[in-house]
Amino acid sequence: TILSNCPPIQMEIGGHTDSYGDPDYNLQLSRTRAEAVRQYLVEHQVPNRLTAVGYGSTRPLSQDRTRAASKKNRRIEFRVKEER
């Protein structure tokens, strides 16, 4: 609802993973996550210009090796790239 009511903006949808597993696999997984969110928003007629980007495990919120930290690192982030 919030995004639908915003003026047109360019926004990045960033996908992230935890550090477990193969880095190449994690990169692809993060791209797939971000693209799934982008597709959902497009299907629900969000009028913003959306770009999906995968970061894999390169930008962790936590360096800890706990389940809680891993869960925190598996996420989607929205970033406004350019206002119009």
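Computed from a predicted model, the values in this text were never measured in an experiment.

Moving on: the nonpolar core. Membership of the largest hydrophobic core is limited to six residues, which are Met 11, Ile 13, Ala 34, Leu 41, Val 46 and Leu 50. When contributions to this core are tallied by element, the ones reaching two or more residues are strand E1 (9–16) and helix H2 (23–43). Apart from the residues lying within four places of it in its own chain, the contact partners of Leu 50 are Met 11, Ile 13, Arg 38, Leu 41 and Val 42.

Looking now at the packing of aromatic side chains. If you walk through the whole model with that rule in mind, you get zero aromatic pairs. Above the face of the Tyr 20 ring, Arg 65 is positioned so that its terminal group lies 4.4 Å from the ring centre.

Moving on, we come to H2. Between its terminal C-alpha atoms H2 stretches 30 Å, which fits the 30 Å expected from 21 residues at 1.5 Å a residue. Of the residues that open H2, the one with a side-chain oxygen 3.2 Å from the backbone nitrogen of Asp 24 is Asp 22. One or two positions beyond H2, positive phi appears at Gln 45, with a value near 60°.

Now for the environment of Pro 47. With respect to the helices and strands, the residue Pro 47 is situated in the loop between H2 and strand E2 (49–54). Judged by relative accessible area, which is 44%, Pro 47 ranks as partly exposed. With 42 residues separating them in the primary sequence, Pro 47 and Asn 5 have C-alpha atoms 8.6 Å apart. Once you skip the residues sitting within four places of it in the chain, Pro 47 turns out to touch Leu 3, Ser 4 and Pro 8.

We now examine the environment of Arg 38. Positionally, Arg 38 belongs in helix H2. The sequence separation of Arg 38 and Tyr 20 amounts to 18 residues, and the corresponding C-alpha distance is 25 Å. The residues touching Arg 38, leaving out its near neighbours within four places in the chain, are Ile 13, Leu 50 and Ala 52. Here Gln 39 takes part through its side chain, which lies 3.5 Å from a polar atom of the side chain of Arg 38.

As a working rule, side chains carrying opposite charge can pair if their charged atoms are close by. The tally for this structure, following the rule as stated, stands at four salt bridges. Between Arg 74 and Asp 18 there is a salt bridge, with its nearest N and O atoms 2.7 Å apart. Within this pair, whereas Arg 74 is found in the loop between helix H3 (67–73) and strand E3 (75–83), its partner Asp 18 is found in the loop between E1 and H2, the two being separated by 56 residues in sequence. With a closest N to O distance of 2.9 Å, Arg 75 and Glu 77 form a salt bridge.

Reading the values: rules and limits
Residues numbered from 1 in each chain as written. Predicted model: local features only at pLDDT ≥ 70, side-chain atom pairs only at ≥ 80, totals over all residues. Heavy atoms only, no water. Core = buried A, V, L, I, M, F, W, Y, C linked by side-chain atoms within 4.5 Å. Buried < 20%, exposed > 50% of the residue type's maximum accessible area, 1.4 Å probe, protein only. Helix = DSSP H or I, 4+ residues; strand = E, 2+ residues; numbered from the N terminus. Contact = heavy atoms within 4.5 Å. Phe/Tyr/Trp six-rings, centres within 6.5 Å; stacked < 30°, edge-to-face > 60°. Lys NZ or Arg CZ within 6 Å of the ring centre and 35° of its normal. Expected span 1.5 Å × (residues − 1). Polar contact = N/O pair within 3.5 Å; in protein donor to acceptor, adjacent residues only side chain to side chain. Salt bridge = Lys/Arg side-chain N within 4 Å of Asp/Glu carboxyl O.

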